[in-house]
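# Coordinate analysis (summary)
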Amino acid sequence: MGTGFCNWVLPVILCCWVLFLSGVYSGDNLNGRKVRGVNLGGWLVVEGWIKPSLFDGIPNGDMLDGTQVQFKSVILQKYVSAENGGGQSLTVDRDIPSPWETFRFLLKQLWRVSETEFQFRSFGGQFLTCDAAGDSVSATAVSPSTKETFYVERNSNNRVHIKLESGAYLQATLANQLIADYPGTPGWDDNMATFDMIIVANNLHGDYQLANGYGHDKAKKVLTEHRNNFIKQEDFIFLYRHGINTVRIPVGWWIAQDPTPPPPFIGGSLAVLDNAFSWAQMYDIRCIIDLHAAPGSQNGMEHSSSRDGSIDWSTSPEYISQSLDVIDFLASRYANHPALLGIELLNEPSAFGVPLDALVSYYSKGYQIVRNYSSTTYVIICQRIGNADPLELYQANIGSSNIVVDLHYYNLFDIFFVNMSAGDNIEFIFKSRQTQLQALNKANGPLVFIGEWVNEWNVTSGSQMDYQEFGRAQLQVYDTASFGWAYWTLKNDRKHWDFEWNINKNYLQLEQTKVTSQIPNRREISSAAFFAFHGSSSHLFFNCKCFK
Ligand SMILES: *[C@@H]1O[C@H](CO)[C@@H](O)[C@H](O)[C@H]1NC(C)=O
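What you see is a predicted model, and the numbers here were worked out from it, not measured in a lab. (Residues numbered from 1 in each chain as written. Predicted model: local features only at pLDDT ≥ 70, side-chain atom pairs only at ≥ 80, totals over all residues. Heavy atoms only, no water.)

Overall, the coordinates contain two cavities of 30 Å³ or more when judged by the stated rule. Estimated volume of the largest cavity: approximately 70 Å³. (1 Å grid on protein atoms, 1.4 Å probe; cavity = no way out; pocket = protein on both sides within 12 Å on 5 of 7 lines; lining within 4 Å. Points joined across faces, edges and corners; volume = space filled by probe spheres on them.)

Glancing now at the pairing of strand β17 (residues 378-382). Most of β17 sits out of view: five of its five residues are buried. Across the two faces of β17 the burial is the same, with Y378, I380 and C382 and V379 and I381 all buried. Alignment of strand β16 (residues 340-344) against β17, held across three bridges, turns out to be parallel. Paired with I343 across the strands is V379, a residue of β17. Between the parallel pair β16 and β17, the chain is carried across by helix α8 (residues 356-373), and the sense of this crossover is right-handed. (Buried < 20%, exposed > 50% of the residue type's maximum accessible area, 1.4 Å probe, protein only. Helix = DSSP H or I, 4+ residues; strand = E, 2+ residues; numbered from the N terminus. Pairing = 2+ DSSP bridges. Right-handed = clockwise from strand over helix to strand, strands pointing away.)

All right, on to the nonpolar core then. Counting residues in each nonpolar core, the largest one holds 98 residues, and the members touching the most others are F236, L273, Y362, Y363, I450 and F499. When neighbours within four sequence positions are excluded, I450 is seen to be in contact with D406, L407, Y409, L437, Y478, A481, G484, W485 and A486. Membership of the second largest hydrophobic core comes to 27 residues, among which are V69, F120, V137 and M192. (Core = buried A, V, L, I, M, F, W, Y, C linked by side-chain atoms within 4.5 Å. Contact = heavy atoms within 4.5 Å.)

Another aspect to go through is the layout of surface pockets. By volume, the largest pocket amounts to about 1,200 Å³. Looking at the largest pocket, it is lined by 45 residues, and the ones nearest its centre are M301, E348, I385, Y410 and F413. Sorting the residues of the lining of the largest pocket by element identifies β18 (403-409) and α10 (422-442) as the ones contributing at least two each. Here the lining of the largest pocket takes three residues from α10, the largest share from any one element.

All right, on to helix α6 (residues 269-282) then. The first and last C-alpha atoms of α6 sit 20 Å apart over 14 residues, in line with the 20 Å expected at 1.5 Å per residue. Listing the buried residues of α6 in full gives S269, L270, V272, L273, A276, F277, W279 and A280. If you follow the buried residues of α6, they end up packed against α4 (216-229), α5 (233-241), β14 (246-252), β15 (286-293), α7 (317-334) and β16. D284, located one to two residues past α6, shows a positive phi value of around 60 degrees. (Expected span 1.5 Å × (residues − 1).)

Turning to the pattern of salt bridges, a few remarks are in order. As a working rule, side chains carrying opposite charge can pair if their charged atoms are close by. Here the structure, examined in full by the defined rule, presents 19 salt bridges. Note that D479 and R36 form a salt bridge whose closest N and O atoms lie 3.3 Å from each other. Within this pair, whereas D479 is found in the loop between α11 (464-478) and β20 (484-487), its partner R36 is found in strand β1 (residues 35-39), the two being separated by 443 residues in sequence. The partner of D62 in a salt bridge is R154, and the shortest N-O contact between them spans 2.7 Å. Of the two residues, D62 sits in the loop between β1 and β2 (68-73) while R154 sits in strand β9 (residues 150-154), which places them 92 residues apart along the sequence. R154 gets classed as partly exposed once you look at its relative accessible area, which sits at 24%. (Salt bridge = Lys/Arg side-chain N within 4 Å of Asp/Glu carboxyl O.)

Structure (structure tokens):
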């Protein structure tokens, strides 16, 4: 009896000690609970599709930075083209664009200087330039300045006249050139200086477009109002009441230079992030700060604050070191905040534009920077979007403790999902997503985080019950991710993307699934005492796991 008592009590005491130690080492994170999170998208990094009204007050609001346009001479009925995408004089000789390559040569991307002044970037990256009145226009400037800035006069039929700062209007010539020598001022009748402007794509609505579109003072008003009201303290109460324990907060690189970031970016997001941390702390919620928009843009999308769709982040060591400075800034400011759970080093780098070696080098340095301030803060690295296997990050050996790989699971954005039924979508979650998650959970490496997912799909006629089932399948599978998940996003103009709408309208039933499991302990434990103890009685380790 006595021996039996000892056999029973010793492991319990030792187990308590182990649990105590692991509590100490894990710092103040979620006490081992998995992340059930919601993203605060469209707040400190603007995304026009999340809140389109932000852009309502911009004059010539369909001519923002990055807008793709074509020009067609109304007389010649030919398009202005930059042969081979740039590098030589423009021609006005192309018919209706058909082959894909030709089509791209017709595109010009706008860089907006004011509501009437623009620079035009050709597909090859060069800017249209014209030395002086009488000269032809070529696509040869590497960077834009005065000679690359054109005035655009526009009438209600989307006809335009384009003139130089000196006042000379461009015209098409019978030799199919574009020359700044139209005599006098053209009317809106058919003449050689009148062009149809075709807006081919107008899909960038980020911080750059907003701030540059309004100009500093008006943008400051619009963004201050947005940042102060889009997400408030009561939203954190809502999250708390529904069992959400984490928020993932996208931030832009310019937050590190608050309150006076370089133009056109608008200061003030840092104070709002501070508020988010205070509210989180009040309602027992943890924060993941996510560098969503990096300098130079890591994916060309509006949520990376790209000016014109280019992906330049990894082309310049300066952008990368500037990004590391942002991580240093965020880590130094929040590492000791009780509400900090993790820092995500970069959101959705593009497999198309960001080479793996550059990314791995950045992630390794970013990991070390966070570790300089905290041994426990989770360091989150996001998989590349596009054609990339998340295993590439598991094999990269980026950091040894509290490291997490973030995967974004959408049944959208790919032709693969286009004609899927509700049942097909659910089957995909169980077959494909679950299989990948199981494999990554088992991989001896970073924890797995489904940092973005949504209760939306391409099904157009889904009933409330269809959505509930889709949501339940996703929760059931994503709950198995070793680190947890975060819904995209708290609020959205499109209701099915809106977390609060989904909960209030009972389209997403969080209580139907319950997370009982905890984040597996894959931290590197450096305590000699712990090793000695663990090493000498390895069976205790398994006993202890039973208590968790
Ligand atoms: C989807 O279905 C429509 C109608 O049947 C069809 O025209 C279209 O090609 C399909 N698209 C894909 C990507 O399968």
